[in-house]
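Reading the structure
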Amino acid sequence: MLLLKKSTIFTSAILAILISLPAQANVVASIKPLGFIAAAIADGIMPVEILLPDGASEHNYSLRPSDLKKIKNATLVIWIGPKMENFMAKSITGLHDKKNIEIANMQEVKPLLLKENNLHNDEALVPENATINDSHQYYHGNFNMHLWLSPIIGRLVAIEIHEKLLELMPERKNKLDANLQYFESKLANTNESINTQFKSLRNKGYFVFHDAYTYFEKYYGLSPRGHFTINPEIQPGVQRLHQIRTQLVEQKAVCVFAEPQFRPAVINVVTHGMQIRKGTLDPLGTNISLSPDSYVNFLSQLSGQYASCLNGE
Ligand SMILES: [Zn+2]
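What counts and how
- Residues numbered from 1 in each chain as written.
- Predicted model: local features only at pLDDT ≥ 70, side-chain atom pairs only at ≥ 80, totals over all residues.
- Heavy atoms only, no water.
- Helix = DSSP H or I, 4+ residues; strand = E, 2+ residues; numbered from the N terminus.
- Buried < 20%, exposed > 50% of the residue type's maximum accessible area, 1.4 Å probe, protein only.
- Areas by Shrake-Rupley, 256 points an atom, 1.4 Å probe, with all protein chains shown as cover.
- Pairing = 2+ DSSP bridges.
- Axes fitted to C-alpha atoms, helices over the stretch in contact; angles between N-to-C directions.
- Contact = heavy atoms within 4.5 Å.
- Salt bridge = Lys/Arg side-chain N within 4 Å of Asp/Glu carboxyl O.

What follows is about the overall build of the chain. Secondary structure assignment for the chain yields eleven helices and eight strands. Within the span of the chain, comprising 313 residues, buried residues form 48% of the whole. A total of about 15600 Å² of accessible surface is found on the chain, and carbon and sulfur atoms cover 55% of it.

Moving on, we get to the sheet that holds strand E6 (residues 223–229). Strand pairing in a sheet relies on backbone hydrogen bonds. The paired strands run either parallel or antiparallel. Taken together, the four strands give an open sheet; going across it, the order is E6-E5-E7-E8, and neighbouring strands pair in parallel fashion. Across the chains shown, the open sheet's two edge strands, defined by having one partner strand only, are E6 and strand E8 (277–280). Pairwise comparison of adjacent strand axes, ignoring direction, gives a mean angle of 25° for this sheet. Where strand E5 (residues 205–210) meets strand E7 (residues 255–258), three bridges bridge the pair, whose relative direction is parallel. Paired with Tyr 206 across the bridge in E7 is Cys 255. Against the sheet, helix H9 (residues 238–249) contacts E5, E6 and E7, and its axis sits at roughly 150° relative to E6.

On to the pattern of salt bridges. Taken as a whole and assessed by the stated rule, the structure comprises nine salt bridges. Lys 175 serves as the salt-bridge partner of Asp 43, at 3.6 Å between the closest nitrogen and oxygen. Within this pair, whereas Asp 43 is found in the loop between helix H2 (32–41) and strand E2 (48–50), its partner Lys 175 is found in helix H7 (residues 173–198), the two being separated by 132 residues in sequence. Relative accessible area serves as the criterion here: at 29%, Asp 43 is assigned to the partly exposed category. Between Glu 250 and Lys 252 there is a salt bridge, with the nearest N and O atoms lying 3.1 Å from each other. In this structure Lys 252 comes out as partly exposed when scored by relative accessible area, which is 42%.

Below, the structure is given as C-alpha cells:
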C-alpha cells in the first residue's frame with residue numbers, strides 16, 4: 001500500500017517535470033539553403049530543421065500537419081516571404097517578430113532586390129490545362145525571390161539570425177559571435193576562390209532552365225543568355241523556345257543547364273542535333289548536409305557545376 005502510494009507520487013512528479021519542460025529549442029527554415037546559413041550560426045546551440053523535402057520544388061509545396069506543428073513550436077522561423085513560399089504565409093501569422101525572419105522584408109535586403117527577368121513574357125501564356133496555385137500567381141510579381149543565391153544577402157541573413165538568437169539567449173553570446181565570425185571568414189574565402197575559378201568563363205554564354213540564378217550570376221559576373229521559364233512548373237512558350245534555338249544556332253551559348261528536379265524533354269528538343277553541352281545546376285543544394293560549412297559548400301558546388309559545363313570538362 002505504502003509502496004503503491006510512493007510510486008504514484010513519483011510518477012506524478014515526473015509528469016509535472018515533463019509538462020513544465022519547454023519543447024526543444026530549434027530553428028526551422030523553409031528551404032535547405034536557408035537551413036545552411038542557420039546551421040552555421042546555430043552550430044553547437046540548437047538544431048536546424050528544414051520544411052521543404054529534398055526533391056520538392058520551392059515554387060509549390062503544401063505544408064503537412066507536422067510542418068505546421070514545427071512552425072508553431074520553433075524557436076526561430078526563417079523564410080523568404082509570401083512571394084516565394086506562399087505555402088507558409090498563413091501559418092506564420094501570429095508568430096512573434098522575435099521568432100520570425102522574413103528575408104524579403106528585411107530593411108537591409110529590400111534595396112538589394114532585383115527585378116524578375118520577364119522581358120519576354122511568353123510564360124504569361126499559360127496553357128489552359130495548367131494547374132496554377134496561388135504561389136505561381138504571386139511568383140509572377142516584380143522581384144526575383146531566389147535570395148539565397150546572393151552571397152551578399154546570405155551574409156545579411158547570417159547577421160540577422162545571430163541577432164535574433166542573441167536576443168533570445170544572451171548567455172550564449174560568445175558562441176554566437178564565434179559562429180558568425182567563422183561564417184563570414186569562410187564566405188569571404190569562398191568568394192575569392194569562386195572569382196578565380198570564373199576568371200576565364202565570364203564571357204561564355206549559356207541558358208539556364210529556370211530564372212533562379214540572377215543574384216549568383218550578377219555577383220560573380222557570369223554571362224547568362226536567358227532562361228527557359230520563370231517557374232519550373234510552367235512549360236516555356238513556343239516563342240521563347242524559338243528564340244533560344246536561334247541563339248543556340250548562332251552559337252551564342254556553349255551550355256544549357258537543367259536541374260536535378262527538372263530535366264524537361266523540351267531541352268533535348270531545342271538542342272537536338274547541336275554541338276551544345278548540357279550541365280546541371282542545383283539551386284537548392286539537395287545533396288548537401290547541414291553543417292557550419294554547408295552554405296559555402298553549396299556556393300562552391302554550384303560554381304563547380306557552372307565551371308565544368310562552361311569549361312567543357
Ligand atoms: Zn525557383
